[in-house]
Amino acid sequence: MQPAAPNPMSPQNRDERFVSLFAETEPALRLFLRSLLPRWEDTDEVLQETSLVLWRKFDSFTEGTDFLRWACMVARFEALKYRRGKARDRHVFTETLMEQLAQEAEDELPNLDLERKALEACLQKLGDRERSWVDSVYGNDNQIREVAVQAGRSAGSLYKALHRIRLGLLDCVNRSLADGELA
Amino acid sequence: MSTPPFQPTPEFLELLAQYSSGTVDEKGTQRLEQLLQDSQDNRRFFRRYLQADTVLRESSCGHIRLASPTITPFPATQQEPWYWKAAAVIASLGCLTSLWLSRASSLDVIPPSSTLAVLTQSVDVQWKAGDRSLQTGSQLGSGTLRFERGLVQLEFVNGAVVVAEGPAELELISPKRAICRQGKVRASVPPQAHGFTITAPDMDVEDLGTEFGLAVGHDGKSEVHVIEGEVKMHPKNARPESLYAGQALRWEAGLTPAALQANGNVFTSRQELLSLASVSSKETVSRWQTESTRVRQLPETVFHYTFEPNEPWSRTLPNTRANSEPALNGAVVGCQWGQGRWPGKHALEFKGLSDRVRLHIPGQYTAITLATWVRIESWDRWLSSLLLTDSFKVGAIHWQLSDKGEMILGVNPGSLENHFSPPVIGPNDLGRWVFLATTYNEATRSVCHYLDGRLVSTTPIKKTGPLIPADAELGNWTTNQTTGTRARALNGKIDEFTFFARALTPEEIQTAYQTGAPL
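Residues numbered from 1 in each chain as written. Chains lettered and ligands numbered in written order. Predicted model: local features only at pLDDT ≥ 70, side-chain atom pairs only at ≥ 80, totals over all residues.

K.L.:
It is not clear to me how the overall build of chain A should be interpreted in this structure. Could you clarify?
P.N.:
If you tally the helices and strands in chain A, you get 8 helices and 0 strands. Scanning chain A from its N terminus toward the C terminus, one meets helices and strands in the order α-α-α-α-α-α-α-α. For chain A, contacts bridging at least 24 residues in sequence account for 62% of all contacts bridging at least 6. (Helix = DSSP H or I, 4+ residues; strand = E, 2+ residues; numbered from the N terminus. Contact = placed C-beta atoms within 7 Å.)

K.L.:
Honestly, the overall build of chain B in this entry has me stumped. Any pointers?
P.N.:
A tally of regular secondary structure across chain B gives 7 helices and 29 strands. The 519 residues of chain B split such that 45% are buried. (Buried ≥ 20, exposed ≤ 12 C-beta atoms within 10 Å, placed from the backbone.)

K.L.:
Help me understand helix H1 (residues 10-20) of chain B in this model?
P.N.:
Three or four residues apart is the spacing at which side chains of an α-helix point the same way, because the helix has 3.6 residues per turn. Residues and elements named next belong to chain B. The complete set of buried residues in H1 reads Phe-12, Leu-15, Leu-16, Tyr-19 and Ser-20. Looking straight down H1, one finds that the buried residues subtend no more than 125 degrees of arc, so they occupy a single side. Away from its buried face by more than 90 degrees, H1 exposes Pro-10 and Glu-11. Looking at the buried residues of H1, the elements they touch are helix H2 (26-38) and helix H3 (40-59). Directly after H1, the chain includes Gly-22, whose backbone phi takes a positive value near 75 degrees. (Arc of directions from axis to C-beta.)

K.L.:
Explain the sheet that holds strand E23 (residues 407-411) of chain B here, please?
P.N.:
Pairing between the strands of a sheet is mediated by backbone hydrogen bonds and can be parallel or antiparallel. All names here are of chain B. Taken in spatial order, the 8 strands line up as E15-E16-E19-E28-E21-E22-E23-E24 in an open sheet, and their pairing is antiparallel. Taken across any chain shown, the strands that pair with only one partner, and hence form the sheet edges, are strand E15 (316-317) and strand E24 (417-420). In this structure, strand E19 (residues 356-361) lies alongside strand E28 (residues 470-474), joined through 5 bridges in antiparallel fashion. Counted as the bridge partner of Arg-358 is Glu-473 from E28. (Pairing = 2+ DSSP bridges.)

K.L.:
How should I be thinking about the nonpolar core in this particular structure?
P.N.:
Soluble globular proteins: nonpolar side chains tend toward being buried together. Residues and elements named next belong to chain B. Of all hydrophobic cores here, the largest spans 61 residues; its most connected members are Leu-348, Leu-436 and Ile-494. At 6 residues, the largest contribution of residues to this core is made by strand E25 (residues 433-441). Residues in contact with Leu-436, not counting those within four places in the same chain, are Thr-372, Val-374, Leu-386, Met-407 and Leu-451. Counting residues in hydrophobic clusters, the runner-up holds 46 residues, among them Leu-140, Met-233, Ala-248 and Leu-249. (Core = buried A, V, L, I, M, F, W, Y, C linked by C-beta atoms within 7 Å.)

K.L.:
Whenever I open this one, the pairing of strand E12 (residues 247-251) of chain B confuses me. Can you help?
P.N.:
Here is the key point about a regular strand: its side chains alternate between the two faces of the sheet. All names here are of chain B. Pairing of strand E9 (residues 222-228) with E12, which is carried by 4 bridges, proceeds in the antiparallel orientation. For Ser-222, the partnering residue across the bridge sits in E12 and is Trp-251. Connecting the antiparallel pair E12 and strand E13 (residues 258-261) is a turn made up of 6 residues, with Gly-254 showing a positive phi of about 85 degrees.

K.L.:
Sorry if this is basic, but what is going on with the packing of helix H3 (residues 67-85) of chain A against helix H4 (residues 95-107) of chain A here?
P.N.:
Between two packed helices, the angle of one axis relative to the other and the distance separating the axes together describe the packing. Residues and elements named next belong to chain A. The N-to-C vectors of H3 and H4 enclose an angle of 165 degrees; their axes lie 11 Å apart at closest approach. Relative to H4, the element H3 is oriented roughly antiparallel. H4 is crossed by H3, and the crossing has right-handed handedness. Residues Arg-69, Cys-72, Arg-76, Ala-79, Leu-80 and Arg-83 of H3 lie in contact with H4, whose contacting residues are Glu-95, Met-98, Ala-102 and Glu-106. (Axes fitted to C-alpha atoms, helices over the stretch in contact; angles between N-to-C directions. Parallel < 35°, antiparallel > 145°, perpendicular 65-115°, else oblique. Left-handed = near helix turned anticlockwise from the far one by under 90°.)

K.L.:
Before we go on, may I ask you to explain the packing of helix H5 (residues 109-123) of chain A against H3(B) in this structure?
P.N.:
H3(B) packs onto H5(A) with a crossing angle of 55 degrees between their chain directions and a minimal axis gap of 10 Å. The pairing of H5(A) with H3(B) is recorded here as oblique in orientation. Viewed along their axes, H5(A) and H3(B) form a crossing whose handedness is right-handed. Between H5(A) and H3(B), the residues in contact are Glu115(A), Leu119(A), Glu120(A) and Leu123(A) and Gln51(B), Ala52(B), Val55(B) and Ser59(B), respectively. Class assignment of the residues belonging to the contact of H5(A) with H3(B) gives a composition of 4 nonpolar, 2 polar and 2 charged. (Nonpolar A, V, L, I, M, F, W, Y, C, P; charged D, E, K, R; others polar.)

K.L.:
Just checking my understanding: could you explain the environment of Pro318(B) for this structure?
P.N.:
Residue and element names in this part refer to chain B. Tracing the sequence through the fold places Pro-318 in the loop between E15 and strand E16 (330-333). Residue class for Pro-318 comes out partly exposed when judged on the 19 C-beta atoms lying within 10 Å of it. Measuring from C-alpha to C-alpha, the distance between Pro-318 and Leu-328 comes to 7.8 Å, with 10 residues separating the pair along the chain. With sequence-adjacent residues up to four places away left out, Pro-318 is seen in contact with Asn-310 and Asn-329.

K.L.:
Please explain the confidence of the model for chain A as it appears in this structure.
P.N.:
Caution is warranted with low-pLDDT regions, since their predicted coordinates should not be read in detail. Residues and elements named next belong to chain A. Here chain A averages 79 in pLDDT, while 80% of its residues score no lower than 70. Here helix H7 (residues 144-151) stands out as the least confident element of chain A, with mean pLDDT 57; H4 is the most confident, with 91. The low-confidence segment residues 1-8 (pLDDT under 50) makes 2 contacts with residues lying over four places distant or belonging to another chain. (pLDDT = per-residue confidence, 0-100.)

K.L.:
Looking at this model, I keep getting lost on the pairing of strand E5 (residues 177-188) of chain B. Mind explaining?
P.N.:
All names here are of chain B. Within E5, 10 of the 12 residues are buried, which leaves it mostly tucked inside the rest of the structure. The sheet contact formed by strand E4 (residues 161-174) and E5 spans 10 bridges and is antiparallel. Note on E5: the bridge partner recorded for Val-163 is Arg-186. Taken together, E4 and the strand that follows it, E5, pair antiparallel across an intervening segment of 2 residues. Here 3 bridges tie E5 to strand E6 (residues 197-200), and the two strands are oriented parallel to one another. Of the residues in E6, the one forming a bridge with Ile-179 is Thr-199. Here 6 bridges tie E5 to strand E8 (residues 211-216), and the two strands are oriented antiparallel to one another. What sits directly across from Gly-183, in E8, is Val-216.

K.L.:
Is there a simple way to explain the confidence of the model for chain B in this structure?
P.N.:
All names here are of chain B. Residue-level pLDDT values for chain B average 82, and 87% of them are 70 or greater. Per-residue pLDDT stays below 50 along residues 61-113; that stretch engages in 105 contacts with residues further than four places along the chain or on separate chains. For residues 481-485, every residue scores under 50 in pLDDT, and the model assigns this stretch 9 contacts once sequence neighbours within four places are set aside. For this predicted complex, the interface score ipTM comes out at 0.87, while the overall pTM is 0.53.

K.L.:
Would you mind going over the environment of Arg445(B) with me for this structure?
P.N.:
As for its position among the elements, Arg445(B) is in the loop between E25 and strand E26 (446-451). Once the C-alpha coordinates of Arg445(B) and Thr464(B) are considered, the two residues, 19 residues apart in sequence, prove to be 7.8 Å apart.

K.L.:
Before we go on, may I ask you to explain helix H7 (residues 506-516) of chain B in this structure?
P.N.:
Residue and element names in this part refer to chain B. Those residues of H7 that sit buried are Ile-509, Ala-512, Tyr-513 and Gly-516. End-on view of H7: buried residues confined to an arc of 95 degrees, all on one side of the axis. Where H7 is buried, its residues meet helix H6 (270-297), strand E20 (367-376), E25, E26 and strand E29 (492-500).

If you want it as structure tokens, here you go:
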């Protein structure tokens, strides 16, 4: 049944190809959507939708072109569609701002890899206490109030702690990129 | 240092903190928007900040990084095939986990339906081992039907009606032609279907008027009995010959055909079939009722909807599980009551865009089985809902079908995961009752999809985490402010739906199918 020399676009290769392309780009896509949508649950929902659309439209993707760029285009469209469904939600940005953010994020795609590596290196430098906050808050789907109760802290102070952790990471990334540590 | 790093204002930072933790209010959102619109530096900083948010989230709670080589969903072997690796990588990212399972053939576009006949009645049929069993309502394209015993009625699209008795082997060639290799058939041919032909060994039997019987034995002996009207016989190597009502002919290869007295009574008529069917239907109903009563008592049954309303005007879908909470009753929105799998059985019709059954499923689950009898009328949109929890929050369950006929279980244990079956629901499955079941089992880390009791796919679960369904609905989906484009309304009927807090075994699912299958 299986041809001796499989055609490069046989359905099975097509699956394999999609799987590997999507695996590579998924973190970047998630980040891309996160910068357009107010909450993680929105991000997850649109990413879910986007992954289905990408799979469905994979035939129209031209091999050899930039998959991430194509995926971002689809993701941007899905995010805008999602936003229209939430027109009365006052926490979403205007379409104009979303378009602007999306455009700039796409322009910055080439730098993404480097920044991500820097971020991950900086992540290793987190202290144990910070690490445990991060794990408990993010690991519980941001059920920050519950985590706060367990940790015996106010939700507000936990927010602030996380905010400082994020800023600390950014600072670390800026320094390491400036030092050429990861160039 | 070439340029000093950008310093955001304290106000901007405060809004950013609130925004990313989801606590920002409307005024804050507007102000943040303003600050972002005004400054490219702010926008850049905003993206960096959310990048940190993203990486932190991925680093926590067992979110698995791309490069992680340790994650394999099943015990690793020395030489893993590529698809395990792909599945592991993809699973570790929480995306289309199961795509690799789709086989070449299953990815082909489903050809448009070319129905030649519809199976409209069947009694006590035992299909040949290995063949897919067909039910009443099945649309049949070209192909062969084989059954060991029992009776079926086929209505050809040109109007001819054939009742066949097993053991039989019939091949459907066109709306006006079939081959009978074995079995007893009785064909009723209305004027508009004149010319309907059944090919028997060494002979074509062409109907020119109302009714005839044909028997093809496994020994190669065949008989034709004309019950009413005229039949034209076309022997393989001789001239055609007409037979009239009351006449019959017997032949076998190499011998001269012999004339007989016709005896129509040996061929089951439609009236006889109908009365047999009603007896058989009672047996089916009682078998199903016994099974349903058993399911009601099982501790792992969370809800068991049999779609039998207390009153015809009722807008409540009662959970029939013993000692169930009233909260587990469904609230019917929009749907009308219609006929289910057999006469007297009720079903809910999902037609309108807003037709749905709302329900609340309390608790957390590490293993579930979803099982339903559904009759899909058509694919009106890309995704059709069976059971979808609201939005796609952590713990979500999205059980749905794609217009390619894929069964999909989407779950969100902290990252999204879609478990696809290959396209298994074909055009000929539309308009008939199908039994769909899906199991999710954390212990074995697998999701299995079943169609009519048959396992059609198994895919690995990548990330575990309890399923927390909470608010959900059958046949539709509520996400925040659903718009038309995101609608997932089902076009079809449901007449049974069960949610178990356990992954049923393949044998249990096969049994559930057999005890519930319509005639």
